Each structure stands twice: as C-alpha cells, then as structure tokens.
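# Coordinate inspection notes
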Amino acid sequence: MAEYSGTIDEQQMLVATFFLGDAAFGLDTSQVQEVVRVGSITPVRHAAEFVLGVMNLRGRIATVINLGAKLELDRTEIDEDSRIFIVEWEGEQIGLLVDQVADAIAVDRALIKPAPENVRGIQGRQFKGVFQADSRLIALLDMETVLSTEDPTEAVSTRRD
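Residues numbered from 1 in each chain as written. Predicted model: local features only at pLDDT ≥ 70, side-chain atom pairs only at ≥ 80, totals over all residues. Heavy atoms only, no water.

### Observations regarding the pairing of strand 10 (residues 127-133)
With respect to burial, strand 10 is a largely interior element, five of its seven residues being buried. Pairing of strand 10 with strand 11 (residues 136-141), which is carried by six bridges, proceeds in the antiparallel orientation. Note on strand 11: the bridge partner recorded for F131 is I138. Connecting the antiparallel pair strand 10 and strand 11 is a turn made up of two residues, with D134 showing a positive phi of about 55 degrees. (Buried < 20%, exposed > 50% of the residue type's maximum accessible area, 1.4 Å probe, protein only. Helix = DSSP H or I, 4+ residues; strand = E, 2+ residues; numbered from the N terminus. Pairing = 2+ DSSP bridges.)

### Brief notes about the pattern of salt bridges
Enumeration over the complete set of coordinates arrives at two salt bridges. Note that R58 is salt-bridged to E34, the shortest N-O span being 2.6 Å. On the criterion of sequence distance, the pair formed by R58 in the loop between strand 5 (51-57) and strand 6 (60-66) and E34 in strand 4 (residues 32-37) is long-range, its members being 24 residues apart. When its relative accessible area of 61% is taken as the criterion, R58 is described as exposed. In this structure, R60 engages E34 in a salt bridge whose closest nitrogen and oxygen atoms are separated by 3.0 Å. (Salt bridge = Lys/Arg side-chain N within 4 Å of Asp/Glu carboxyl O.)

### Section: the sheet that holds strand 7 (residues 83-89)
An order of 4-7-8-6-5 is seen for the five strands of this open sheet, with the pairing classed as mixed. Either end of the sheet is taken by a strand with one partner, and the two such strands are strand 4 and strand 5. Mean inter-strand twist for the sheet, computed between neighbouring axes without regard to direction, equals 30 degrees. As judged from the five bridges shared by strand 4 and strand 7, these two strands associate in the antiparallel manner. Residue pairing for strand 7: E34 is matched across the bridge by I86. (Axes fitted to C-alpha atoms, helices over the stretch in contact; angles between N-to-C directions.)

Structural data, given as structure tokens:
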C-alpha cells in the first residue's frame, strides 16, 4: 500500500479515502467522477432523512446525500473541510457528502479483507471489505449496496413520516 504514484497494476485498486467523523472509509476511484466543494444545496421537501437536497453541477442536477446519515452514523455537519464525491448511479448524478477527503491510495486487492463478523446490520452489508493504510483501518464501501438499499433518486420523492 502506498499513496498513488501514477501507475496501478491489475493486482491493485486505487481508493479515494475520506472521513465520516473519526472513521476512515474508501471508495474505488473508478466509481468517482469528481470531488467538489460544498456549494448551494436546494432542500427537497418530503425527502428521506439522509437526502440533503439537490445541487446544480455545471448544468447537471445531482441529488446530495449525507453519507454519514445514510450509513446510520452521525450526520455530517457542513464546514470548510466537507466535500462531495460525485458518483453516477443508474444514470443519475449522486453527491455523497463527507466530513473530509484524505488521500488516493493504491491498495493491493489481496490485502482487502472481509468486513469483521461482528459488524452486523446495515453497516456490515455496505462494506466490500477493510484494509490497513499506515496505522488506520479503512472500510471500503460497496457503493451498489449503499445506494441500492434505498434508491436516493426515489428517496427525493418519498415522504417523511
């Protein structure tokens, strides 16, 4: 494992790392279109609790999700370190609000271990695995599971109870 140096071989995966609170997470960079600063987000009435709203991203509309809330962790409070990962999901632009972006790391696929057995519930199902980078354990998110648990584009029109 090393910080990204510009070359990745077939046995490696480039992972964008970030924080939700004190916990470190990662996304396969092939799923990330870009990372943007938090701009103007328009709230959407009757949206799911984890949907912050929508934003205009150079003419494209993106639904913005509070990833901490979606993962049933603490909600991300927007500050100067907050960023939004833009991913495409089923033809829609989805923004994932995180507390802080860290590094892009080249990870040997063989070093990614299954999520621990004691991680149950929604969080355990949303991990592809975990790996160690320096002295920190990083949970690699399974974006398909994270976003398909409740489709965020449908959640925009779902009423809160």
